[in-house]
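Observations on the model geometry
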Amino acid sequence: MKLQRTLPPTVAPISLRGLLGAAVRLWGGSACRDRVRQELKAHFGAADAFLVSSGKAALTVILRALMARSTRRRVVIPAYTCFSVPSAVVKAGVDVVLCDVEPSTLDFNYSELERLLDDRVLCVVSTHLFGHSSDVNRVKRLCQEKGILVVEDAAQAFGGRSENALLGSLGDVSFFSLGRGKNLTCGTGGVILAKSAALAQAISEQFDELEESPRREVLKNWLEMLAMRLFIHPAVYWIPSGLPFLRLGETRFYTDFQVYRMDEVRAHQLLGWEKRLRQANEERISCANSFIHGLAESTGNATPIAGKESVFLRLPVLVKDRAMKQSICRRSQVVGAGLSPNYPATIQEIPELAGRIEARGVPGAQSVVERLVTLPTHRYVRNNDRVKILELFAMNSDSPLATPPTGTDADRDADSLHACSAGHAG
Ligand SMILES: *Cc1c(COP(=O)(O)O)cnc(C)c1O
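Read on for a plain summary of the structure. Remember, predicted model here, so these are calculated numbers, not experimental data. (Residues numbered from 1 in each chain as written. Predicted model: local features only at pLDDT ≥ 70, side-chain atom pairs only at ≥ 80, totals over all residues. Heavy atoms only, no water.)

Across the five residues that make up strand β3 (residues 95-99), a large majority, four, are buried. Looking at chain direction, strand β2 (residues 74-78) and β3 are connected through five bridges and run parallel. Note that in β3 the partner of valine 75 across the bridge is valine 96. What joins β2 to β3 is helix α4 (residues 84-92), and the crossover it makes is right-handed. (Buried < 20%, exposed > 50% of the residue type's maximum accessible area, 1.4 Å probe, protein only. Helix = DSSP H or I, 4+ residues; strand = E, 2+ residues; numbered from the N terminus. Pairing = 2+ DSSP bridges. Right-handed = clockwise from strand over helix to strand, strands pointing away.)

Below, the structure written as structure tokens:
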């Protein structure tokens, strides 16, 4: 733990007043939930919207709904994505099928996707990683004639657009995460949007089976939000970031998560979501653009993955090779620059999935694991921080400066790189 300005990898806007006001909802009710649900439905032009306890829970409910209407049992997901995605697929009791990704877009390798689509496939999960849009319409064109549904994973892209359509309105059904490292947060939470009345009905049947979040969970989540609100500032973020038991930024595969309805306390924190989300995303876009500009002037060893419409929850950058990534991440740790190495492995390499998925190479995803870093884009990234971060890229990976100044730091940082934070975007 080092007492120095430390940037968190992501920051979602939290209003302290809103948070304190939400406490009165500990006694329940449904006014906030009804209101937020109606607002989401109208905003996205969805047949219906549902509020649940997390993004994982949202995907689990979606899959259960699709399973109830079909005998197909395969779900195609990207080989590089958040570990929560296969966690939900396995929890729902369907088979994970991996499709490799294209490092330059982080989207599917489409020739491989075409080969995977047959009459055993229930749905394909198309994912907008880091707020950078994937080509959901292309996936839909491939799936339509084969009776395959498209689930849009917009967990990291709340508030994003693509060709004038809102991300989250493209898939047959889509979901957002309201977890701590996402565009907007209420601690943990998830939103499901169904495009058609038929799917809305199928999801509604599953949603009706869900229990309310227990009171102690609601209280715990609220206290964690309060702690986060107090410790997210770069002046004090070194405190939680130096406490390994908090496991900040870890991404884990686990299926024993709970699937509840969202409670009223969390829904209360979402009031005014549209304005706060827009503002936070505008700040992220402007910060990311200045990094893109800065990187264009540096070495050429670092290529941002950017679309003109990305909302940039973080800015993804592909570097030359594994050595360059490791040295940049290590130095970022030493100076508290908030870079993240992201997911530590491909989905293929998750030990719990061995035997459940076909063993084969996913070279695109492997290359992303080796070469992708993401830059913080939130409101606390100041001018000096930007300079400091761009310097990390300007230094040649095999220059003497690549080695951190002291041995103890080097050891600790090598360890934390292994534990490998994915931002808190888990
Ligand atoms: C965070 C995330 C999820 C899961 O959301 P939780 O709210 O953390 O359960 C799913 N997919 C992607 C791409 C994510 O980043």
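With that out of the way, let us pick up the nonpolar core. Nonpolar side chains tend toward joint burial in soluble globular proteins. Counting 60 residues, the largest nonpolar core has Val75, Ile77, Tyr80, Val151, Ile192 and Ile203 as its most contacted members. Residue contributions to this core peak at nine residues, all from helix α3 (residues 55-68). Residues contacting isoleucine 192, with those up to four places away along its chain left out, are Asp48, Ala49, Phe50, Val52, Ala58, Val61, Ile62, Val173, Ser174, Phe175 and Ile203. One finds Cys32, Leu142, Leu184 and Leu193 within the second-largest nonpolar core, a separate group that totals 40 residues. (Core = buried A, V, L, I, M, F, W, Y, C linked by side-chain atoms within 4.5 Å. Contact = heavy atoms within 4.5 Å.)

Residue placement: glutamate 264 occurs in helix α10 (residues 264-269). Within the structure, glutamate 264 has its side chain in polar contact with the backbone nitrogen of cysteine 32 (distance 2.6 Å). When neighbours within four sequence positions are excluded, glutamate 264 is seen to be in contact with Arg25, Gly28, Gly29, Ser30, Ala31, Cys32 and Arg33. (Polar contact = N/O pair within 3.5 Å; in protein donor to acceptor, adjacent residues only side chain to side chain.)

The full set close to the ligand counts 17 residues, and Gly55, Lys56, Gln156, Ser177 and Lys182 are the nearest of them. Contacts to the ligand include aspartate 153, whose side-chain N or O atom sits 2.8 Å from a nitrogen atom. Protein coverage of the free-state accessible area of the ligand, which is 380 Å², stands at 93%. Of all the elements in the fold, those that place two or more residues in the shell around the ligand are α3, α4 and β8 (173-177). For the shell around the ligand, the residue count by class is six nonpolar, eight polar and three charged. (Near = heavy atom within 4 Å. Areas by Shrake-Rupley, 256 points an atom, 1.4 Å probe, with all protein chains shown as cover. Nonpolar A, V, L, I, M, F, W, Y, C, P; charged D, E, K, R; others polar.)

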